[in-house]
Amino acid sequence: MCKMMLLAAASGLMMMAPATAQNAAPMAGTMTAEQVGAGPMVGTPSANYVAWAANSDMYEIQSSKLALSKAKSDQTKDFAREMIADHMTTTKSLMAALPNTEPKIPKPGKAMSEDNIAKIAALKAASADEFDAMYMQQQMQAHQAAWSLHKGYSLDGADPALKQVATSAVPIIEKHLAHLKTGAGGMRAM
């Protein structure tokens, strides 16, 4: 009798295992907060996540377009091309998720934050000798902040469609951080 109960209990657990595995949320990325230099920003309201993620992508794209014309190093220009392509992709993913949000979250505005406008202005004003280092330093800071935002939302975001966007953005941001840490642009941006 005891063996039959154990067998029945084990069978029940085995039937539940696939369902549990299928429902487990995938972990976004592999870097730790220590490796990134920033912790996950948890508790972000969905509308704020959308606005901040869009602002981050706008900055990445605009600063990187500027780098294509001002950077001296071919490595910096290659990194800038990667930033433009990848952040246009994350922007498209974010915008595609908006119709699926509940409650509906409207598209964010097209204006960048004052802070990012100031960073772009500093890059425009940088001399040719200063530009690459300034651009790469700004990229490190921007990617640490982006990782914090996306990683945090991937962990506890309230909207499933946006949580998927965040989860898929984290490995892209981690790839950029790895390039920055290993010297993309011909210098370490740390």
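Residues numbered from 1 in each chain as written. Predicted model: local features only at pLDDT ≥ 70, side-chain atom pairs only at ≥ 80, totals over all residues. Heavy atoms only, no water.

(A) Representation of helix α5 (residues 114-125). Over its twelve residues, α5 runs 16 Å from end to end, which matches the ideal 16 Å to within 8%, given 1.5 Å per residue. Tucked into the core, α5 has its buried residues touching α3 (46-70) and α6 (128-156). (Helix = DSSP H or I, 4+ residues; strand = E, 2+ residues; numbered from the N terminus. Expected span 1.5 Å × (residues − 1). Contact = heavy atoms within 4.5 Å.)

(B) Geometry of the environment of K104. Considering the arrangement of structural elements, one finds K104 in the loop between α4 (74-97) and α5. Overall, the relative accessible area of 54% leaves K104 in the exposed class. Remark: the alpha-carbon pair of K104 and S46, spanning 58 residues in sequence, is separated by 10.0 Å. Not counting residues within four places of it along the chain, the set of residues in contact with K104 comprises L98 and P99. A polar contact is formed between the side chain of K104 and the backbone oxygen of P99, at a distance of 2.6 Å. One polar contact links the side chain of K104 to the main-chain carbonyl oxygen of T101, over a distance of 3.2 Å. (Buried < 20%, exposed > 50% of the residue type's maximum accessible area, 1.4 Å probe, protein only. Polar contact = N/O pair within 3.5 Å; in protein donor to acceptor, adjacent residues only side chain to side chain.)

(C) Summary view of the packing of α5 against α6. Their axes nearest at 9 Å, the elements α5 and α6 cross at an angle of 165°. Of the possible angle classes, the one that applies to α5 and α6 is roughly antiparallel. Note on packing geometry: the crossing formed by α5 with α6 is left-handed. Judged by residue contacts, K119, A122 and L123 of α5 engage F131, M134, Y135 and Q138 from α6. In the contact of α5 with α6, the residues fall into five nonpolar, one polar and one charged. (Axes fitted to C-alpha atoms, helices over the stretch in contact; angles between N-to-C directions. Parallel < 35°, antiparallel > 145°, perpendicular 65-115°, else oblique. Left-handed = near helix turned anticlockwise from the far one by under 90°. Nonpolar A, V, L, I, M, F, W, Y, C, P; charged D, E, K, R; others polar.)

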